Amino acid sequence: MTVLSTLPPVIDIDHYAGDTLTVHVVVSNAVIAGRVFTAQVRANKSAVKVDATFSVILTAEGADLVLSSADSLALTKRGPYMGFWDVQLAQADGSDPVTTLGYGELRLHSDVTRPTP
């Protein structure tokens, strides 16, 4: 039997809260083709609430997804955080063609050193 899987790669991330998280995405300009990147974090895959959003910086090789140190700290304000993330390309209005480039678990471990107010 032949199986055709169109699932994007699973990329589970363990990260230290309080540090900036940068994920390098390598994808050709032909695949991007004028579409917009969106990358979000949610507590569970069916959650309505978005817990955090990655900033997207286009690069010559694709894009850098950046979760700010402030966002990673906020996610761990009650202790270690376990959620899910993904990144996709779509038209600016969210319409087809939509392509998810990667997804997985996001585990943030509480830090010790924090800036003083």
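Look above for the structure.
A. Just the pattern of salt bridges, in detail. On inspection of all chains with the given rule, the structure shows 3 salt bridges. Taking the shortest distance from any N to any O, the salt bridge between D51 and K49 comes out at 3.1 Å. The salt bridge partner of E105 is R107, with a shortest N-O separation of 2.3 Å. Each member of the salt-bridge network shares a partner with another, and the members are D14, E105 and R107.

B. Main features of the sheet that holds strand 6 (residues 62-67). The strand order 2-6-5 describes an open sheet built from 3 strands, whose pairing is antiparallel. If you trace the sheet from one side to the other, it starts and ends with strand 2 (21-26) and strand 5 (55-59), each paired once. Ignoring strand direction, the axes of neighbouring strands in this sheet form an average angle of 20°. With 5 bridges connecting them, strand 5 and strand 6 associate as antiparallel partners. Paired with I57 across the two strands is D64, which belongs to strand 6.

Rules of the game
Residues numbered from 1 in each chain as written. Predicted model: local features only at pLDDT ≥ 70, side-chain atom pairs only at ≥ 80, totals over all residues. Heavy atoms only, no water. Salt bridge = Lys/Arg side-chain N within 4 Å of Asp/Glu carboxyl O. Pairing = 2+ DSSP bridges. Helix = DSSP H or I, 4+ residues; strand = E, 2+ residues; numbered from the N terminus. Axes fitted to C-alpha atoms, helices over the stretch in contact; angles between N-to-C directions.

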